[in-house]
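Geometric and topological summary
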Amino acid sequence: MEIGATEKKASEGRLKVALLYPGTYKEAISSLGHLIVYELLNENPDVVAHRFTLESPFSIEENLPLKAYDVIVVSVHFEPQLPKLLSYLSRYGVPLRRESRETRIILGGPGVWNPYPSSAFADGYFIGDGEDTVPKLPDFVHLPPEDWKMKGFYSPWNDEPTSFSYHDFSRSYHHILSDSTAYGRFPLFLEVNRGCRFACRFCLIGWTQPQRNRKLSQIVEIMEEHFSRGAERVVFMGSDVLAHPHIDRILDDLAYFRIPFSLPSTRLDKLTDEFLSILGKAGVKTLTVAPETAYWKRKLFIAKLIDNESVVDAAKRARSYGIRKLKLYFMVGYPGTTEEEVKALIDLVKEARRYIMVTGTVSVFVPKPYTPFQYLPMERIEETARWLKLIKKETHLDVMNPKRAALQALLSIGDRRISELLLRAYKNFNYHYWKRAASEMGINIDDYLYGSRETPWMEKIRTYVHPRGIKEGFEVALEVMN
Ligand code: SF4
């Protein structure tokens, strides 16, 4: 059941938009970015946007096929959604190469902020925040794509330089409420800020998104509006939620009114007794922390300085506030990983387990565009697999598949040649299949993963950080490890 979906019929719109999420309904309805784009389009009386997911070739709102719509807009949150998207479109008869298609396809979201790996397929890209650019869609979509030029938008048809669009948070939002989300029944997705004040060298958000806080009055307005429509809980969205100047007050009020909430990962510098007591009062049972590494030199390398003692201290203190579980996120796969580094991770998990139940995930480093580590080669797959096997055996944490991480990296820091590879190999997102397909095309994927890297997106698309600052971030990191 949903509350707040558009009631407009496709026949009522001057422009009919198929808004596609390359995942399941549950994933789509749990993505605030996707829901905001839906609202941005439908608030224009001349536009009708209806949703599609990979589970059906028909729109959720009206059961119409893709071909009943004028343009397809897609939210891409993670790079591995691209091959899924292409499989779906080709299954339902949409030509994939942009030159052979009449229906225009526009992508947006952090999975395509480097547009080159999908540029043989897509006609255009919303780059950065969509609030100021998505509403302009009806003004330009009828023009030849060679003429699509504006700030915060890139088109491979003209390859014109552009820059990220940054919204100032002056605008509020209303999203659909659903009883079938990844976060339970009828959550309000509350975005109190966007961006992050830290700049961990691997992190796309930290390097492309300046931190902006939403005004308290607007947060209250969003809560009142969604609770009056049937929201039952609050899911805080954002990378640095706890940096909001009024977050303690907001959480305290929610706890007082017994409104359940969940938080993304917590910075340990925020974990005062007062804050833990608010979490305890609200019935929070899991504390999520992302130290990324337990090895001090690696902490300096990635520029994320969460010390191991603080993690163990959090494990000790959380119990006394009724929190039962500590969820930890780590990342391995940097070149030159040592046994000492892996052992530090295992020891930290074991130490924290003396005080609280510990679960978590160990992911593999995937270089991201616009970050200092866009220049950093990955560790060889076999080597990372060896370390992950050891970590899994000793800690039982979930671990990522390093071959999958390698493919994700190609779609993250690839160029136009990788977009040709995507068109050829999308049907089987398997490392050996892609490697073979690449080699038949004369592409050596090892050059992309392990060699020194070209960064063509830096020539065309600017973030708020000067390219020199990004390069310096990389050079400083290398000095740390030398
Ligand atoms: S990893 Fe987390 S703390 Fe670091 S820059 Fe990214 S969002 Fe911020």
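Residues numbered from 1 in each chain as written. Predicted model: local features only at pLDDT ≥ 70, side-chain atom pairs only at ≥ 80, totals over all residues.

**Here we look at the site of the ligand**
- Near the ligand, the surroundings consist of Cys-196, Phe-198, Ala-199, Cys-200, Cys-203, Ile-205, Gly-206, Ser-239, Asp-240 and Lys-304.
- When its residues are assigned to classes, the shell around the ligand shows six nonpolar, two polar and two charged. (Near = placed C-beta within 6 Å. Nonpolar A, V, L, I, M, F, W, Y, C, P; charged D, E, K, R; others polar.)

**Re helix H13 (residues 402-413)**
- With 12 residues, H13 should reach 16 Å at 1.5 Å per residue; the first-to-last C-alpha distance of 16 Å fits that figure.
- Those residues of H13 that fall on the buried side of the exposure criterion are Pro-402, Ala-405, Ala-406, Leu-407, Gln-408, Ala-409, Leu-410, Leu-411, Ser-412 and Ile-413.
- Buried residues in H13 make contact with helix H3 (81-91), strand S17 (357-364), helix H12 (381-395), helix H14 (416-425), helix H15 (431-440) and helix H16 (445-450). (Helix = DSSP H or I, 4+ residues; strand = E, 2+ residues; numbered from the N terminus. Expected span 1.5 Å × (residues − 1). Buried ≥ 20, exposed ≤ 12 C-beta atoms within 10 Å, placed from the backbone. Contact = placed C-beta atoms within 7 Å.)

**Quick word on the domain arrangement of the protein chain**
- Partitioning the protein chain into domains gives domain 1 (2-163) and domain 2 (265-481).
- Taken over C-alpha atoms, the centre of domain 1 sits 29 Å from the centre of domain 2.
- Of the residues lining the interface, 22 residues belong to domain 1; the matching set on domain 2 comes to 22 residues.
- Elements supplying a minimum of two residues to the side of domain 1 that touches domain 2: H3 and strand S8 (162-163). (Domains from an automatic or database assignment.)

**As for the sheet that holds strand S5 (residues 104-108)**
- Taken in spatial order, the six strands of this open sheet run S3-S2-S4-S5-S6-S7, and their pairing is mixed. Each edge of the sheet is formed by a strand with only one pairing partner; in this case those strands are strand S3 (47-53) and strand S7 (153-154).
- The pairing of strand S4 (residues 71-75) with S5 spans five bridges and is parallel. Paired with Val-71 across the two strands is Arg-104, which belongs to S5.
- Running at roughly 155° to S3, helix H2 (residues 32-42) makes contact with strand S2 (15-21), S3, S4 and S5 of the sheet. (Pairing = 2+ DSSP bridges. Axes fitted to C-alpha atoms, helices over the stretch in contact; angles between N-to-C directions.)

**As for the packing of H12 against H13**
- Closest axis-to-axis distance for the H12/H13 pair is 9 Å, and the angle between their directions is 135°. Accordingly, the angle class assigned to the pair H12 and H13 is oblique. Note on packing geometry: the crossing formed by H12 with H13 is right-handed. When H12 is examined against H13, the residues Ile-381, Thr-384, Ala-385 and Leu-388 are found in contact with a partner set consisting of Pro-402, Lys-403 and Ala-406.
- Partitioning the contact of H12 with H13 into residue classes produces five nonpolar, one polar and one charged. (Parallel < 35°, antiparallel > 145°, perpendicular 65-115°, else oblique. Left-handed = near helix turned anticlockwise from the far one by under 90°.)

**Let's talk about the sheet that holds strand S13 (residues 233-237)**
- Strand order across the open sheet formed by three strands is S10-S13-S14, with parallel pairing between neighbours. Looking at which strands have only one partner, the edges of the open sheet turn out to be strand S10 (187-191) and strand S14 (261-262).
- Here two bridges tie S13 to S14, and the two strands are oriented parallel to one another. Along S14, the bridge assignment pairs Val-234 with Phe-261.

**Side note on the nonpolar core**
- Counting residues in each nonpolar core, the largest one holds 132 residues, and the members touching the most others are Val-17, Leu-19, Leu-41, Tyr-125, Leu-190, Leu-326 and Leu-422.
- Sorting elements by how many residues they give to this core places H13 first, with seven residues.
- Shared between two domains, this core holds at least three residues of each, these being domain 1 (2-163) and domain 2 (265-481).
- Setting aside chain neighbours within four positions, we find Leu-326 in contact with Leu-287, Val-289, Ala-314, Ala-315, Ala-318, Ala-352, Ile-356 and Val-358. (Core = buried A, V, L, I, M, F, W, Y, C linked by C-beta atoms within 7 Å.)

**Observations concerning the environment of Val-192**
- When you line up the elements, Val-192 lands in the loop between S10 and strand S11 (193-194).
- Given 24 C-beta atoms within a 10 Å radius, Val-192 is considered buried.
- C-alpha separation for the pair Val-192 and Asp-307, spaced 115 residues apart in sequence, amounts to 27 Å.
- Sequence-distant contacts of Val-192, that is, excluding residues within four places in its chain, are made with Asn-213, Arg-214, Ile-219, Phe-236, Gly-238, Val-241, His-244 and Ile-247.

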